[in-house]
Amino acid sequence: MRVKDLPARERPRERLMSTGAAALADRELLALLLGSGHRGSSAMDLAAELIDHCGDLQELARSDPHRLLTVPGIGLAKAARVAAAFHLVRRAEAGPERTRITSTSDLADVTSPLLRGHSRERLAVAVCDTRGAVLRRTVLTEGGADHTAFPIRDIITAVLAAGGASFGVAHNHPGGSLTPSDCDLAATTRLAQAAETVGLRFLDHLVITDTAWRRIPPDADGEGHADLRAPKPTLSRTSKA
């Protein structure tokens, strides 16, 4: 049976769009790459034949495109399309090493691009694995010119959802002041306590302006306990996470 003759809810393309690629079998995903079958065989039939010809999906992924041409119904276009798809996967897996956060300065480098140049306060979160590699960085909240929400529960949830083992946070002060507010100090302490409760490592909380940044230690109790750092004219690296 041709794919287009199947009920809409059973067609690979429609199923991928409605339930996600993980719900599709190997031959269904491959059928989407092939696009069409041949001589009365559907794209899914041809996909199954191609996998069987190579032995399994892993062997197919390693196959030279010229080998694929020996399967009836696989022409230059289909062979090139399949080979290109698997090569893209290999490139993605062998991509540049993730940015790592091993110091407060690294956290500033990762979060500053999300915060500098904005007229409203934002709270950014950087999530890392056990080796400090950045898994995700995101702006969690955005508020007004002099405040933004600091939702402890949402921060912890975001870190856990990303599979993180450690994390750091930063927020900007559009007015240019590096002095943390009483709310900033209290939130830092509460966040450190919440992280410890669920077994996460809390790295740091930073205040960032367009020209400088400042660390807020979890036990900060006043101006003298915060670590003031000099402005950095450029950031050495950013994360794609």
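First, a word on scope: everything that follows refers to the structure included in this document. (Residues numbered from 1 in each chain as written. Predicted model: local features only at pLDDT ≥ 70, side-chain atom pairs only at ≥ 80, totals over all residues. Heavy atoms only, no water.)

What follows concerns the pattern of salt bridges. Going through the model one piece at a time under the given rule, you end up with six salt bridges. As a salt-bridge pair, E28 and R15 come within 2.5 Å of each other at their nearest N and O atoms. Note that E28 is positioned in helix α2 (residues 26–34) and R15 in helix α1 (residues 12–19), a separation of 13 residues in sequence. Classification of E28 as buried rests on a relative accessible area of 10%. (Salt bridge = Lys/Arg side-chain N within 4 Å of Asp/Glu carboxyl O. Helix = DSSP H or I, 4+ residues; strand = E, 2+ residues; numbered from the N terminus. Buried < 20%, exposed > 50% of the residue type's maximum accessible area, 1.4 Å probe, protein only.)

Another point: the packing of α1 against α2. Two numbers describe how α1 lies on α2: the axes approach to 9 Å, and their chain directions differ by 110°. One way to sum up the angle between α1 and α2 is to call them roughly perpendicular. Here α1 and α2 pass one another in a crossing that is left-handed. Residue-level contacts link P12, R13, R15 and L16 of α1 to E28, L29 and L32 of α2. Of the residues belonging to the contact of α1 with α2, the class tally is four nonpolar, no polar and three charged. (Axes fitted to C-alpha atoms, helices over the stretch in contact; angles between N-to-C directions. Parallel < 35°, antiparallel > 145°, perpendicular 65-115°, else oblique. Left-handed = near helix turned anticlockwise from the far one by under 90°. Contact = heavy atoms within 4.5 Å. Nonpolar A, V, L, I, M, F, W, Y, C, P; charged D, E, K, R; others polar.)

By the secondary structure assignment, D204 is in strand β4 (residues 201–208). You can call D204 buried: its relative accessible area is 6%. Separated by 2.5 Å, the side chains of D204 and T104 make a polar contact. In contact with D204, not counting residues within four places along its chain, are T104, L107, F167, G168, V169 and R215. (Polar contact = N/O pair within 3.5 Å; in protein donor to acceptor, adjacent residues only side chain to side chain.)

One finds L30, L34, L50, L60, L68, I74 and V82 to be the most contacted residues of the largest nonpolar core, which totals 18 residues. Contributions of two or more residues to this core are made by α2, α3 (43–54), α4 (57–62) and α6 (76–93). Per-element accounting of this core gives the leading share, seven residues, to α3. In this view, L30 contacts A47, L50, I51, L60 and V82; residues no more than four positions away in its chain are not counted. Residues V125, I156, F167 and V169 belong to the second largest nonpolar core, which totals 17 residues. (Core = buried A, V, L, I, M, F, W, Y, C linked by side-chain atoms within 4.5 Å.)

With seven of seven residues buried, strand β3 (residues 166–172) lies mostly within the body of the structure. Of the two faces of β3, the one holding S166, G168, A170 and N172 and the one holding F167, V169 and H171 are both buried throughout. Judged from the six bridges that link them, strand β1 (residues 122–128) and β3 form a sheet pairing that is antiparallel. In the strand pairing of β3, V125 is matched with V169. (Pairing = 2+ DSSP bridges.)

Turning our attention to the side chain of N172. In this structure, N172 sits in strand β3. For N172, a relative accessible area of 3% puts it in the buried group. At 3.4 Å, the side chain of N172 and the backbone oxygen of L115 are in polar contact. There is a polar contact of 3.0 Å between the side chain of N172 and the backbone oxygen of R120.

So, on to the packing of aromatic side chains. In this description, a pair of aromatic rings is defined by centroid distance and the angle of the planes. All told, the structure shown has one aromatic pair when counted by the stated rule. Ring geometry for F167 and F202: centres 5.4 Å apart, planes at 40°, overall tilted. On the criterion of sequence distance, the pair formed by F167 in strand β3 and F202 in strand β4 is long-range, its members being 35 residues apart. Of the two residues examined, F167 and F202, each falls in the buried class. (Phe/Tyr/Trp six-rings, centres within 6.5 Å; stacked < 30°, edge-to-face > 60°.)

Within the secondary structure layout, S119 lies in the loop between α7 (104–115) and β1. Counting along the chain gives 54 residues from S119 to H173, while the straight-line C-alpha distance between them is 8.6 Å. In this structure S119 touches A145 and P174, once residues within four positions along its chain are discounted.

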